[in-house]
Amino acid sequence: MTKNLHRCDTRIRQCLFCGSANVGVDELEEGEWHVACRECSAAGSACMGDPDDAVRAWNARRPGDAEKTGFDCRPCPFCGSKNLRIFEVDGWYVYCSTCDATGPVFDETQSERHAINMWNSRFEFPLGFAD
Ligand SMILES: [Zn+2]
Ligand SMILES: [Zn+2]
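What you are looking at is a predicted structure, and each value in this text was computed from that prediction instead of being measured.

**Remarks on the sheet that holds strand 2 (residues 32-37)**
Sheet strands pair via backbone hydrogen bonds, and the direction of the pair is either parallel or antiparallel.
Phase 1 of the analysis: Strand order in the open sheet made by the three strands is 1-2-3, with antiparallel pairing throughout. Taken across any chain shown, the strands that pair with only one partner, and hence form the sheet edges, are strand 1 (23-29) and strand 3 (47-48).
Phase 2 of the analysis: Note: strand 2 against strand 3, two bridges, orientation antiparallel. Its bridge partner lying in strand 3, Glu32 is registered against Met48.
Phase 3 of the analysis: Each of strand 1, strand 2 and strand 3 touches helix 1 (residues 51-59); the most contacted strand, strand 2, lies at about 40 degrees to it.

This is the structure we're talking about:
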């Protein structure tokens, strides 16, 4: 297991993009936290202050919204925002401009289309807890 930088009181759910239980809480900057998946590099909403807020944001999955935005992406599963961007930084990924969540990241051999497909693929409820 990858060591977590912080042990939270709130249990963390498995990654909704790839189903991995290998997820943990990371400190991004001083006092800013998010939950990240070690398998696919997806990350949930960034939260200031309490790392348990980041876990709650990660756990709060928006079910079933299949509506697509202008990029052919489904809304952010963590905050419901349609304010999404697609970046290529060491691989393609979808980024939520509202809550700083990121979808699965792939190396340069993968395409923008693949990043969008992975962002759109969501495990159905209920997913188990990571530990
Ligand atoms: Zn994952
Ligand atoms: Zn979001």
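**What to know about helix 1**
Phase 1 of the analysis: Taken residue by residue, helix 1 has Pro51, Ala54, Val55 and Trp58 as its buried positions. Seen along its axis, helix 1 keeps its buried residues to an arc of 100 degrees; they face one direction.
Phase 2 of the analysis: Those residues of helix 1 that are buried are in contact with strand 1, strand 2 and strand 3.

**So, the environment of Ile12**
Phase 1 of the analysis: Inspection of the secondary structure puts Ile12 in the segment before strand 1.
Phase 2 of the analysis: For the pair Ile12 and Asn22, spaced ten residues apart in sequence, the C-alpha to C-alpha distance is 10.0 Å.

Rules used in this analysis
- Residues numbered from 1 in each chain as written.
- Chains lettered and ligands numbered in written order.
- Predicted model: local features only at pLDDT ≥ 70, side-chain atom pairs only at ≥ 80, totals over all residues.
- Pairing = 2+ DSSP bridges.
- Helix = DSSP H or I, 4+ residues; strand = E, 2+ residues; numbered from the N terminus.
- Contact = placed C-beta atoms within 7 Å.
- Axes fitted to C-alpha atoms, helices over the stretch in contact; angles between N-to-C directions.
- Buried ≥ 20, exposed ≤ 12 C-beta atoms within 10 Å, placed from the backbone.
- Arc of directions from axis to C-beta.

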